[in-house]
Amino acid sequence: MMLCRRRSSSIICGVTTILALCVFVFSTTAILFPVAMAVDRTKFRTCQQSSFCRRHRHGKSKRLYDYKLVSESVQLLDVKNAVANAASAAAVASDKRGLISKFLGGYSSGEKVQLEDPFVRGPPPIFTAKLVNVAPLTSTKLTAQTYGEGCDFSKMNFDEELQLSVHLHEDGVARIRIKEVMEEDSSVRSTPRWTSDELVLNEKEMVAVEEVQAISTNPTVEGIFGESNNDKMSLGEMKSTISSLVKRANIDSASNNDDNFIVLKYGGDEEHWKLMIQIQPFAVYMFRGNEEDGPPIIAAGTNGLTHFEVRRSKECSTTTTSTVKHIEQNDVAAETNEDADRHGGKEVVGYWEDGLAIYADGSREERKEVAEEEEDVDKGEGREKRRLEEEEFDTKDMWEEKFGEHLDSKPYGPMSVGMELTFPSSKHLFGLPEHASSTQLKTTTGIDGHHYYKEPYRLYNLDVFEYELDETMALYGHIPLVVSQSTKTGTAGAFWFNPTETFVDIEEAPRSGDMDSRTHFMSESGIVDLFLLPGRDPAALYGQYARLTGRVQLPPIFSLGYHQCRWNYRDEADVYFVHSKFEELDYPYDVLWLDIEHTDGKRYFTWDDKTFPNPIEMQNKLGSTGRRMVTIIDPHIKRDNQYYIHKEATSRGLYVKDKSGNKDYDGWCWPGSSSYLDFTVEKVRSWWAEQFNYDRYKGSTPTLFTWNDMNEPSVFNGPEVSMQKDLLNLENVEHREWHNLYGMLFQRSTAEGLTQRNEGANVRPFVLSRSFFAGSQRYGAIWTGDNEAKWSHLQIASPMLLGLNVAALSFVGADVGGFFGNCDAELMTRWMQAAAYQPFFRGHAHHDSKRREPWMFGDETMVRLRHAAMTRYALLPFWYTVFWQAGVTGMPVMRTMWMQYPDVPELYSVDDQYLIGSDLLVKPVTSAGTTTSQVLFPLSDCWFDVDTMQRVELAGAPGTYVAKTVESGIDKIPVYQRGGSIIPRKLRLRRSSYLMINDPYTIYIALNNEMKAEGTLYMDDETTFDHEKRGDYGVATFSSDLASSIIIQNSVTLGNENALPESKGKRMIERIVVMGIASEPKDITLTTQSSATAIPVEFQYDRESQILVIRKPDVSASNQWAIHFNG
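The structure presented is a predicted model; accordingly, all values stated were derived computationally and were not measured. (Residues numbered from 1 in each chain as written. Predicted model: local features only at pLDDT ≥ 70, side-chain atom pairs only at ≥ 80, totals over all residues. Heavy atoms only, no water.)

Would you explain the overall build of the chain in this entry?
Counting its secondary structure elements, the chain contains 22 helices and 53 strands. The burial tally for the chain puts 63% of its 1127 residues in the buried class. For the chain, the proportion of contacts with a sequence separation of at least 24, taken over those separated by at least 6, is 73%. Approximately 40900 Å² of the chain is accessible, and the part contributed by carbon and sulfur atoms is 48%. (Helix = DSSP H or I, 4+ residues; strand = E, 2+ residues; numbered from the N terminus. Buried < 20%, exposed > 50% of the residue type's maximum accessible area, 1.4 Å probe, protein only. Contact = heavy atoms within 4.5 Å. Areas by Shrake-Rupley, 256 points an atom, 1.4 Å probe, with all protein chains shown as cover.)

Any chance you could explain the environment of Asp 912 here in plain terms?
Tracing the chain through its elements places Asp 912 in the loop between helix H21 (897-900) and strand S37 (914-916). Each C-alpha atom, one on Asp 912 and one on Val 935, is 9.3 Å from the other, the two residues being 23 residues apart in sequence. Among residues more than four places away in sequence, those in contact with Asp 912 are Lys 923 and Pro 924. Within polar-contact distance, the side chain of Asp 912 engages the side chain of Lys 923 at 2.9 Å. (Polar contact = N/O pair within 3.5 Å; in protein donor to acceptor, adjacent residues only side chain to side chain.)

Would you explain the state of the cysteines in this entry?
Think of a disulfide as a covalent bridge from one cysteine sulfur atom to another cysteine sulfur atom. Throughout the structure, instances matching the rule amount to one disulfide. Between the sulfur of Cys 47 and that of Cys 53 lies a disulfide, 2.0 Å long from S to S. For the disulfide bridge between Cys 47 and Cys 53, the dihedral angle about the S-S bond is near -95°, and by the sign convention the bridge is left-handed. Relative accessible area serves as the criterion here: at 0%, Cys 47 is assigned to the buried category. (Disulfide = S-S within 2.5 Å.)

Looking at this model, I keep getting lost on the nonpolar core. Mind explaining?
Core analysis: the biggest nonpolar cluster contains 174 residues, and Phe 495, Leu 677, Trp 688 and Phe 766 have the highest contact counts within it. Leaving out residues up to four positions away in the same chain, Phe 766 has contacts with Pro 556, Phe 558, Ser 559, His 563, Trp 593, Val 630, Phe 705, Thr 706, Leu 754, Ala 781, Phe 811 and Phe 840. One finds Ile 297, Phe 423, Val 504 and Leu 530 within the second-largest nonpolar core, a separate group that totals 60 residues. (Core = buried A, V, L, I, M, F, W, Y, C linked by side-chain atoms within 4.5 Å.)

Help me out: how do you make sense of empty space enclosed by the protein in this one?
It is the rolling of a water-molecule-sized probe over the atoms that shows where space remains empty. Throughout the structure, instances matching the rule amount to 18 cavities of 30 Å³ or more. Computed from the structure, the largest cavity encloses a volume of approximately 180 Å³. Partitioning the lining of the largest cavity into residue classes produces five nonpolar, three polar and six charged. (1 Å grid on protein atoms, 1.4 Å probe; cavity = no way out; pocket = protein on both sides within 12 Å on 5 of 7 lines; lining within 4 Å. Points joined across faces, edges and corners; volume = space filled by probe spheres on them. Nonpolar A, V, L, I, M, F, W, Y, C, P; charged D, E, K, R; others polar.)

Would you take a moment to explain the pattern of salt bridges for this structure?
Oppositely charged side chains may form a pair once their charged atoms are brought near each other. Across all of its chains, the model carries 69 salt bridges by this definition. Note that Lys 346 and Asp 361 form a salt bridge whose closest N and O atoms lie 3.6 Å from each other. One end of the pair, Lys 346, is in the loop between helix H8 (321-343) and strand S13 (348-351); the other, Asp 361, is in the loop between strand S14 (357-359) and helix H9 (383-386), and 15 residues separate them in sequence. Looking at Lys 346, the relative accessible area reads 39%, which means it is partly exposed. For Asp 361, a relative accessible area of 42% corresponds to the partly exposed category. One salt bridge connects Asp 786 with Arg 770, and the closest N-O pair in it is separated by 3.5 Å. (Salt bridge = Lys/Arg side-chain N within 4 Å of Asp/Glu carboxyl O.)

So what exactly am I meant to see when it comes to the packing of aromatic side chains here?
Two aromatic rings are characterised by how far apart their centres lie and by the angle between their planes. Applying the stated criterion to the full structure yields 55 aromatic pairs. Ring geometry for Trp 593 versus Phe 840: centroids 6.3 Å apart, planes at 55°, classification tilted. Highlighted residues: Trp 593 in strand S26 (residues 591-594) and Phe 840 in the loop between helix H18 (825-835) and strand S35 (841-843), separated in sequence by 247 residues. Assigned by exposure class, Trp 593 and Phe 840 land together as buried. A ring pair is formed by Phe 811 and Phe 883, whose centres lie 5.2 Å apart and whose planes are at 75°; its orientation type is edge-to-face. Of this pair, Phe 811 sits in the loop between helix H17 (791-806) and strand S34 (812-813) while Phe 883 is found in helix H20 (residues 876-889), placing the two residues 72 residues apart along the sequence. For the pair formed by Phe 811 and Phe 883, the shared burial category is buried. One aromatic cluster is present, formed by Phe 605, Trp 607, Phe 612, Phe 679, Trp 688, Phe 692, Tyr 697, Trp 738, Tyr 742 and Phe 746 through successive ring pairs. Taking NZ or CZ as reference, Lys 725 lies 5.0 Å from the ring centre of Tyr 460, over its face. The cationic tip of Arg 985 hangs over the ring face of Tyr 1004; the distance from NZ or CZ to the ring centre is 4.5 Å. (Phe/Tyr/Trp six-rings, centres within 6.5 Å; stacked < 30°, edge-to-face > 60°. Lys NZ or Arg CZ within 6 Å of the ring centre and 35° of its normal.)

Would you mind showing me how to read the sheet that holds strand S28 (residues 636-638) here?
Adjacent strands of a sheet form backbone hydrogen bonds with each other and so pair up, either parallel or antiparallel. Here three strands make up an open sheet; going across it, the order is S28-S30-S29 and the pairing antiparallel. In the strand order of this sheet, the two ends are held by S28 and strand S29 (667-669), each with one partner. Going from strand to strand, the sheet's axes swing by 60° on average, the running direction of each strand aside. The pairing of S29 with strand S30 (residues 672-676) spans three bridges and is classified as antiparallel. By the bridge assignment for S30, Trp 668 is matched with Ser 673. (Pairing = 2+ DSSP bridges. Axes fitted to C-alpha atoms, helices over the stretch in contact; angles between N-to-C directions.)

Where do I start with the sheet that holds strand S5 (residues 161-168) in this structure?
Pairing is antiparallel in the open sheet, where eight strands are placed in the order S3-S4-S5-S6-S24-S21-S20-S18. On the outer flanks of this sheet lie strand S3 (67-76) and strand S18 (429-431), each paired with one strand and no other. Each strand of the sheet is rotated relative to its neighbour by a mean of 20°, with strand direction disregarded. Seen against the sheet, helix H10 (residues 538-549) touches strand S20 (481-486), strand S21 (490-496) and strand S24 (528-536) and runs at an angle of roughly 145° to S24.

I'm lost on a negative patch on the surface in this one. Help?
A grouping of Glu 170, Glu 210, Glu 211, Asp 269 and Glu 270 is seen on the molecular surface, where their side chains present a negatively charged patch. Relative to the assigned elements, Glu 270 resides in the loop between strand S8 (261-267) and strand S9 (272-278). Overall, Glu 270 belongs to the exposed group, its relative accessible area being 77%. (Patch = residues over 30% accessible without salt bridge, like charges linked within 9 Å, V, L, I, M, F, W, Y side chains within 5 Å. Lys, Arg positive; Asp, Glu negative; His and termini not counted. Charge placed at Lys NZ, Arg CZ, Asp CG, Glu CD.)

Looking at this structure, how should I read H20?
For an α-helix, 3.6 residues make a turn, and residues three or four places apart therefore share a direction. For H20, with 14 residues, the first-to-last C-alpha span of 20 Å sits near the 20 Å given by 1.5 Å per residue. Among all positions in H20, only Leu 876, Pro 877, Phe 878, Trp 879, Tyr 880, Thr 881, Val 882, Phe 883, Trp 884, Ala 886 and Gly 887 are buried. Looking one or two places after H20, you find Gly 890, whose phi comes out positive at around 90°. (Expected span 1.5 Å × (residues − 1).)

Honestly, the pairing of strand S43 (residues 981-985) in this entry has me stumped. Any pointers?
Residues in a regular strand point their side chains to alternate faces of the sheet. With five of five residues buried, S43 lies mostly within the body of the structure. Of the two faces of S43, the one holding Ser 981, Ile 983 and Arg 985 and the one holding Ile 982 and Pro 984 are both buried throughout.

How should the environment of Thr 948 be read in this particular structure?
Tracing the backbone through its elements, the reader meets Thr 948 in the loop between strand S40 (943-945) and strand S41 (961-967). A relative accessible area of 45% places Thr 948 in the partly exposed class. Taking the C-alpha atoms as reference, Thr 948 lies 9.9 Å from Tyr 976; in sequence the two are 28 residues apart.

So what exactly am I meant to see when it comes to the pairing of S24 here?
Across the nine residues of S24, eight count as buried, placing the element largely inside the fold. In this structure, strand S6 (residues 174-180) lies alongside S24, joined through five bridges in antiparallel fashion. Considered in S24, the bridge of Arg 177 is made with Asp 529. Across five bridges, S21 lies against S24 in antiparallel orientation. By the bridge assignment for S24, Gly 493 is matched with Leu 533.

Is there a simple way to explain helix H7 (residues 235-249) in this structure?
Over its 15 residues, H7 extends 21 Å from the first C-alpha to the last, a length consistent with the 21 Å expected when each residue adds 1.5 Å. What H7 keeps buried is the set Met 238, Thr 241, Ile 242, Leu 245, Val 246, Arg 248 and Ala 249. Projected down its long axis, H7 carries its buried residues within an arc of 165°, all on one side. Taken together, the buried residues of H7 touch strand S7 (212-215), helix H6 (219-225), S8, S9 and strand S10 (283-288). One or two steps after H7, the chain reaches Asn 250, where phi turns positive at roughly 60°. (Arc of directions from axis to C-beta.)

This is the structure we're talking about:
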């Protein structure tokens, strides 16, 4: 078999020996099978087609789960001892991963012993207890009754026991971790479920809280805690504390006995938090300790939807060993017959990206339009109406599950976990990227069927060919983070740490004249691992999330410039032509990209010696003008025994295995038959990183960087165009457990390789990835995948990018002009204008799209496009500074309006305008023929048009907003600088960022109503890690205060006393522009750190525009100085 891929002027085949046949296939199919631009929904599952979601959605399984915390099992651990002991235990676990030993502080009772979980990382638990499912009919008993005909139930144990641990962080984050109680004598629960703490969490910044006070009036619990814990509170005080919290939580009378609660108070004097644990039914409520009234900020498990399908034995069922073998044989035969029926007996020679087969006779499999069967349609009538009758629990597909022609063997049976989270007094939830929908999450379920979407948000990384808009369908990457914004409860969030397939329902629920928002997380496997982020405001929440999952890495500055890409630039001559045309037109760009056709037959780390015979010379020629290049490297490895990467990976045993664990997995992607490296294992990641060494990656240079595509992972002939869930990694962990991590780990390994290839590992990498998970912000950039050249896709770009930033993925962008299809001059202009104000700035196009380099639309349009790019380059010092601030604070680079203005609820839902950092307000034009736009201006600040530098005339009360219609003809994108801010620019036209490094700055000061302003400029060498390793950086803090006669002063903070040694006589400021100064100064003088003598400074003032310009002040941004005025 082979895999073929069509390009407009040539054919590329997986097997060169049948090239003629491949040519025939495509010369025929190009005419016979025109492709419509729409996703093939039959290839992707809905909730109804996913057994775990179908079982648990709408509370269908609610009566099977009723969890009670066992009071006698409670343990409160000494914080300091727990931290010390956990560090020791972690060291042992890292040396003996997979070995079983006693878990420090765990619960043990009788014959059942709580064993060590070697996967957990971060602060140790402060509180542990056992949870027991006390429902009359449990899930395990139900499945035994359903499948266990002939079994002696009297000899079977249907107990469903779980281990609860609570981990409290010094910044207020509370981790609620629920797992199975492990048993030495159990064949199915003798080892813990696999979790990915080590791969995702930012352990070095996760610091345990130092002080915890436990409060409970429950006699059993109080006795365990002891007098020493409660010596600061009397029984009456404890009752008062608990009663107050219960009342605030609005808990029903059946559960609100004070003895039914345990309160953990933690934090310090300035800020503290309270975590209230309900004993039965088990639930958790989080409060900010400094708030004396109002509802909890987050509640978990309060509506009875917590479920944990414990692993159970399949032995006591009608499917005995012999029966299983018989079923498996029948399944193989059925698959073979179904495959034959599907293809009509035709020989399959390859697959397209949409998963459709290519046949030897030159035809192509047609897409089947399958109507949904009535019973498979979730009409969303509402939770109560959708519940099954009491005797009709859904037990279908628990032990094996089929989708299309693919069978999931599910060797461990049902393993789903889930929980409902409530955000009281909040009507605005955000997060759960990536979906082609609004930034604010919309309802997917509700009372009487009133909701926006019928399907829950799906989190399962997939290569969705030609995705549609306004959908909850899964896309390329996902982050299970939800953020609530409310005027009553502030900013709060929840991170559902589970990388398995997950569905999330969103619901609005009325409560006592108010409205709550609920989320219901349902994951296929894993454990319940919930991080509650108390926030208070956006800055606090994103600081907490950064300490939890890692910080945005400061990118090399070239990566913030413009990237020119196409599938594909044909050869070196094409590359040189495109490069020379940019040079000729003085059009700034930094990076030129090569797609898969640059390789030798889709063998990554190679070059086609006919089209790219001199890759080093090519890179050096572009590098001499400051340009870099990027080549694509995907995770699928061509199964060719003559290909050195495949040969070595095979001999070392580095590939993902089939479900037996004995054979390397064989799937289909661009090269044809391919295998996939197991990036969950450190030795594989290290080996992959070594492949980027210059002696391994022949033809690479220090100016070559990497693009990781298809890393969901994409498998053309796999279920949902991905891997089977029952494949195994090298540690025999099923693919279902780590699916959503694969893309991130691939990008991580590539970034490590690009770093390690250079002496001293001191040059920052650049890697673009399509797939991602929580923590991906540490490894590079992300883009929104295969969009289309349509106005609708330009419109959705901002909401999608904002959604990614809500989840702290800041270095993100959408392909300028759209990947599929052709855009006209107006759409290209508007897209370039918008993307110039978005973090990652790349033009890209499909091979069937017309060439769309900036000069392809005529001179008039080229000038407009160049102006947009020049605007981007002028602001590079500002972009670089905002990225540095994002790394330090955790705050996103591209911000929703509510992130900066959380007190203006009318702005919460806005996603067609946004802020870059805190200081630039951007309103992209996203519809044809537009001449005016409506901008929503927050009135707590004043605003200046960045083109005219004029203050926008606004009227209204501070703390509100005003909608104003502004001009936005084809040459204008509405962008405004916030009054009270100072922004640096570089205005000299250069053709790359490299050529700008020694250019002087122009400082733009926008005065607020108090005639003040402040701003920051971050400076380093823009390329290496010296800012981290040696403290070689400087931060210039500018401030203006006209009331004190200070036009601007600069205070410099250096990373060390010898930082920025090259700055002497450099980093100069050539111009200072002050906007909003009402009267002309009599004179202006400069004082410096080295001389207190006032030096007269030349200036110009325009009374009509109220703009003051100081030219050539002859000061450096890396030195301290002040400029004053008189009169």
